[in-house]
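Descriptive analysis of the structure
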Amino acid sequence: MTGHSYDRVKRALDVVLATIGLVVTAPLFGVLAWRVRRELGSPVLFVQHRPGLHGRPFALRKFRTMTDARDADGALLPDEDRLTDFGRFLRSTSLDELPELVNVVKGEMSLVGPRPLLIEYLDRYDATQARRHEVRPGITGWAQVNGRNDTSWPEKLAMDVWYVDHRSLFLDVRVLLRTLLVMITRKGVTMDGHATTVPFRGNAEDEEPDSGPRQVDEDTTPG
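Here's what I pulled together on the structure shown here. Since this is a predicted model, take the numbers as computed values, not measurements.

**Description of the nonpolar core**
Counting 28 residues, the largest nonpolar core has Leu 32, Phe 63, Leu 90, Trp 142 and Tyr 163 as the members making the most contacts within it. Counting seven residues, the second largest nonpolar core, distinct from the first, contains Leu 118, Tyr 121, Trp 153 and Phe 200.

See the structure below:
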């Protein structure tokens, strides 16, 4: 299958499968929205601009996983203090990702592709790493189903580029099946449920990938 044929078929499958997913999970979607509103507050969805195809920004949507708890001076508490048990549950099961099906239907994301990271990372990639934006970002991806808790940023980004160069419908199906497996067993790969993540600071030779403080983010990298 040629590149253009693959892209057309993949886009059609994305729309069909994401639409089916939204219909099938509509009751669950409603229950989760209610729980988020009751336990974490409003708004129900966390919305943040992320770089998509060719680096063009789009509004990524997820269920929020943190409260707006503040200290006596009105400042937000540290992220780890605002991440509740329910928020951790949403992340560990990847249920916080459900609203991204809307991004898929709109053509901003794909079911499979490199995860959309922060816009501030764009000028930190080298020329090879930036190729991850040659395809639509995905809800899950090759780096996520092959990841470990200690996988470095260079390794993750290299896997993203490997996917760009080797993408096929067979590979996409393989990634989706492995993603379903981890959602059921929570074994073998790393997903977006981590409470903390090390920010990507670039490719300086004197910088270790896992150095520096860890932070909680509403979207820790399925990675």
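So, next bit.
**Section: the packing of aromatic side chains**
Within the structure shown, the criterion is met by seven aromatic pairs. Judged by centre distance (6.4 Å) and plane angle (25 degrees), the ring pair of Phe 86 and Phe 89 falls under stacked. With Phe 86 and Phe 89 both in helix 4 (residues 85–93) and three residues apart, this pair spans about one turn of that helix. Look at Phe 86 and you get buried, because its relative accessible area is 8%. Take Phe 89: its relative accessible area is 40%, and that puts it in the partly exposed class. Judged by centre distance (5.8 Å) and plane angle (75 degrees), the rings of Tyr 121 and Phe 200 are edge-to-face. In this pair, Tyr 121 sits in the loop between strand 3 (110–112) and strand 4 (138–140) while Phe 200 sits in the segment after helix 8 (169–185), placing the two residues 79 residues apart along the sequence. No difference in accessibility class separates Tyr 121 from Phe 200, as the two residues are buried. Here the aromatic cluster, defined as three or more aromatic residues joined through ring pairs, consists of Tyr 121, Tyr 125, Trp 153 and Phe 200. In this arrangement the basic side chain of Arg 35 is found over the ring face of Phe 86, its NZ or CZ atom lying 4.3 Å from the centre. Stacked on the ring of Trp 153, the Lys or Arg Lys 156 has its end atom at 4.9 Å from the ring centre.

**Details of the pattern of salt bridges**
One pass over the full model with this rule turns up 14 salt bridges. When the shortest N-O distance is used, the salt bridge between Lys 62 and Glu 97 registers 3.2 Å. Of this pair, Lys 62 sits in strand 2 (residues 57–63) while Glu 97 sits in the loop between helix 4 and helix 5 (100–105); the two residues are 35 residues apart in sequence, bridging distant segments of the chain. Pair check on accessibility: Lys 62 and Glu 97 agree, each one buried. The closest approach of N and O atoms between Arg 132 and Asp 160, which form a salt bridge, is 2.8 Å. With Arg 132 in the loop between strand 3 and strand 4 and Asp 160 in helix 7 (residues 153–166), the pair connects residues that are 28 residues apart, well separated along the chain. Each of the two residues, Arg 132 as well as Asp 160, counts as buried.

**Looking at the pairing of strand 2**
Where burial is concerned, most of strand 2 is hidden: five out of the seven residues are buried. By the bridge criterion, seven bridges tie strand 1 (residues 45–51) to strand 2 in an arrangement that is antiparallel. Bridged to Phe 46 within strand 2 is Lys 62. Where strand 1 folds back onto strand 2 in an antiparallel hairpin, the turn is made up of five residues, including His 54, whose phi is positive at roughly 60 degrees.

**Re helix 8**
Three or four residues apart is the spacing at which side chains of an α-helix point the same way, because the helix has 3.6 residues per turn. Over its 17 residues, helix 8 runs 24 Å from end to end, which matches the ideal 24 Å to within 8%, given 1.5 Å per residue. Of the residues making up helix 8, those classed as buried are Leu 171, Asp 172, Val 175, Thr 179 and Val 182. Viewed end-on, helix 8 has its buried residues packed into an arc of 100 degrees, placing them on one side of the element. Projecting away from the buried face of helix 8 at angles above 90 degrees are the exposed residues Phe 170, Leu 177 and Ile 184.

What counts, and where the lines are drawn
- The numbers attached to residues start from 1 for each chain and follow its sequence in the written order.
- Residues qualify for local features only when their pLDDT is at least 70, as the model is predicted, and side-chain atom pairs are given and counted only at 80 or more; totals for whole chains, interfaces and linings, by contrast, use all residues.
- To obtain the side-chain values, all non-hydrogen atoms of the structure were included, while hydrogens and water were left out.
- For this analysis, a nonpolar core means a set of buried residues of the types Ala, Val, Leu, Ile, Met, Phe, Trp, Tyr and Cys, connected via side-chain atoms within 4.5 Å.
- Exposure is judged per residue with a 1.4 Å probe applied to protein chains only, and the accessible area is read against the type maximum: over 50% gives exposed, under 20% gives buried, and values in between give partly exposed.
- Stacked, tilted and edge-to-face are the three classes applied to pairs of Phe, Tyr and Trp rings, where Trp contributes its six-membered ring and a pair requires centres within 6.5 Å; stacked means planes under 30 degrees apart, edge-to-face means over 60, and tilted covers the rest.
- In this description a helix means any DSSP run of H or I spanning at least four residues, a strand means any run of E spanning at least two, and both kinds are numbered starting from the N terminus.
- Lysine NZ or arginine CZ positioned within 6 Å of the ring centre and within 35 degrees of the ring normal marks a charge as sitting over the ring.
- Any carboxyl oxygen of Asp or Glu within 4 Å of a side-chain nitrogen of Lys or Arg constitutes a salt bridge here.
- Two strands qualify as a pair provided that DSSP identifies no fewer than 2 bridges between them.
- Any helix carries an expected span of 1.5 Å times its number of residues minus one.
- In this context, the arc is that of the directions from the helix axis out to the C-beta atoms.

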